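# Notes for the structure review
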Amino acid sequence: MKNKILVTGGAGYIGTHTCIALHESGYEIVIYDNLSNSSYEAINRVSNLIGQSIEFIEGDIRDAGKLKEIFNLHEFFGVIHFAGLKAVGESVAKPLMYYDNNVSGTITLLAVMAEFGVKNLVFSSSATVYGDPETLPINETSPRSATNPYGQSKLTVEHVLEDLAAADKEWSLITLRYFNPVGAHESGQIGEDPSDIPNNLMPFISQVAVGRRDKLSIFGNDYPTIDGTGVRDYIHVTDLAQGHVAALDHLQQQTHAAGFLPINLGTGRGSSVLELVNAFSKVNKIDIPYQFAARRAGDIASCYASADKAQELLGWQAKLSITNMCEDTWRWQSMNPDGYNTK
Ligand code: NAD
Ligand code: WQD
């Protein structure tokens, strides 16, 4: 059976963790990444962790010529497509950059896949496609909407994938909607390495813990939640990585193409900002100074997944706890106070 996988964006945060999980499950990997938000050092560390050098090609998903060269050289079973830009605020300021990278880039990739008859894709979508959810937990049939260009770019790609699946029944297009990925590999060797001031909560907390930032601003304490702060479904990146292995295993076992198949990857449990801050302090025995600030534009009160479909279809469920997420984040951050520091 063919088990070679092209991993676009494989040098990034979720990609590096997934490459390790894929290797451990017997998949062969080729990473394709333009290093716009990652580094050679991340790839070196993955090679060290798996004990062999990983095949890496530097390139952009919008470069059809380069993609074709790679598809000519390798016989892929499928593609895991992480490559994309993900900063919500930046997407508001630079919408064309986001649509070009995330939408045009994906269309270029799909066209090359079609040309070479590789029709298995696992796409990185996001809980952001559910906008401000009407009911909780969110399941895969919940209404979709976008509140910013980043979210719109993910939703647009989902529509492209749906239309493609309708037009050609040979495609399997598993669309994984991640909730809030946090944590790091248990070794402390790889983790999330924001190149600027972190937008996301967990990297901000860990940079306060390591002394790179003075204090955390908690955006809003008047939401209709357990303690007034925003509630999210935090999921350990190692569990997320296993979700990708489960998705590929599912495709390997199918006798018929899956079509467009959206699946939530979350734990099914929500935690508030204060709960996460307090858990981090308690688990790692570090005080995290914080202040309450105004709500952040575009934020919603609560968001958490129904993870039933992933369990039923893929036999996957998240195993790691908030304690694991806090411990592993801190191990990575304290062992690498400046991240990979090679950008
Ligand atoms: P990341 O920035 O760490 O990884 C993305 C990788 O893609 C980077 O290594 C970057 O260099 C590469 N890349 C970007 N544009 C490219 C292009 N045009 N050609 C080739 N490579 C390119 O981000 P991540 O957190 O690992 O996210 C991976 C995917 O998951 C993204 O598509 C993101 O939108 C999606 N996602 C992330 C989160 C999250 O909170 N981290 C949540 C939901 C969805
Ligand atoms: C979580 C909670 C904030 C920072 C974003 C994207 C989403 C997805 C995941 C890619 C909220 C609060 C945060 C801070 C805070 N990414 N917060 N102080 O907003 O749920 O989702 O990342 O697809 O598309 O929108 O995650 O980590 O930014 O925020 O109080 O300094 O923490 O208000 O309640 P979010 P987050």
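Above: the structure in question.
What comes next concerns the included structure. (Residues numbered from 1 in each chain as written. Chains lettered and ligands numbered in written order. Predicted model: local features only at pLDDT ≥ 70, side-chain atom pairs only at ≥ 80, totals over all residues. Heavy atoms only, no water.)

Next up on the list: the overall build of the protein chain. Regarding its fold elements, the protein chain presents eleven helices and 13 strands. In terms of overall dimensions, the protein chain is globule-like: its C-alpha atoms have a radius of gyration of 19 Å, near the 20 Å expected for 343 residues. In terms of its C-alpha atoms, the protein chain occupies a principal-axis envelope of roughly 55 × 45 × 40 Å. Across the protein chain, contacts joining residues at least 24 apart in sequence account for 80% of those joining residues at least 6 apart. Total accessible area on the protein chain is roughly 14,600 Å²; 47% of this is exposed by carbon and sulfur atoms. In the protein chain, 26 side chains carry a positive charge and 39 a negative one; their mean positions are 2 Å apart. (Helix = DSSP H or I, 4+ residues; strand = E, 2+ residues; numbered from the N terminus. Rg over C-alpha atoms; globule rule 2.2 N^0.38 Å. Contact = heavy atoms within 4.5 Å. Areas by Shrake-Rupley, 256 points an atom, 1.4 Å probe, with all protein chains shown as cover. Lys, Arg positive; Asp, Glu negative; His and termini not counted. Charge placed at Lys NZ, Arg CZ, Asp CG, Glu CD.)

Opposite charge on two side chains makes pairing possible when the charged atoms of those side chains draw close. With the rule as written, the count across this model stands at 13 salt bridges. Arginine 62 is the partner of aspartate 100 in a salt bridge, and the nearest nitrogen-oxygen pair spans 2.8 Å. In this pair, aspartate 100 is assigned in helix α5 (residues 95–115) and arginine 62 in the loop between β3 (55–58) and α3 (64–73), connecting sequence segments 38 residues apart. We note a salt bridge from aspartate 168 to lysine 119, for which the minimum N-O separation is 2.7 Å. Of the two residues, aspartate 168 is situated in the loop between α6 (149–167) and β6 (172–178) and lysine 119 in the loop between α5 and β5 (120–126); the sequence distance between them amounts to 49 residues. With a relative accessible area of 15%, lysine 119 lands in the buried category. The network of salt bridges with common partners includes Arg144, Glu158, Glu162 and Arg177. (Salt bridge = Lys/Arg side-chain N within 4 Å of Asp/Glu carboxyl O. Buried < 20%, exposed > 50% of the residue type's maximum accessible area, 1.4 Å probe, protein only.)

To continue, consider the site of ligand 2. Near ligand 2 there are 18 residues, and of these Ser126, Tyr150, Ser217, Arg232 and Asp299 occur at the shortest range. Note that an oxygen atom of ligand 2 is positioned 2.5 Å from one of the side-chain N or O atoms of tyrosine 150. Serine 217 places a polar main-chain atom, nitrogen or oxygen, 2.8 Å from a nitrogen atom of ligand 2. Isolated, ligand 2 exposes 680 Å² of accessible area, and the fraction of that covered by the protein chains is 86%. Across the shell around ligand 2, the residue classes break down as eight nonpolar, seven polar and three charged. (Near = heavy atom within 4 Å. Polar contact = N/O pair within 3.5 Å; in protein donor to acceptor, adjacent residues only side chain to side chain. Nonpolar A, V, L, I, M, F, W, Y, C, P; charged D, E, K, R; others polar.)

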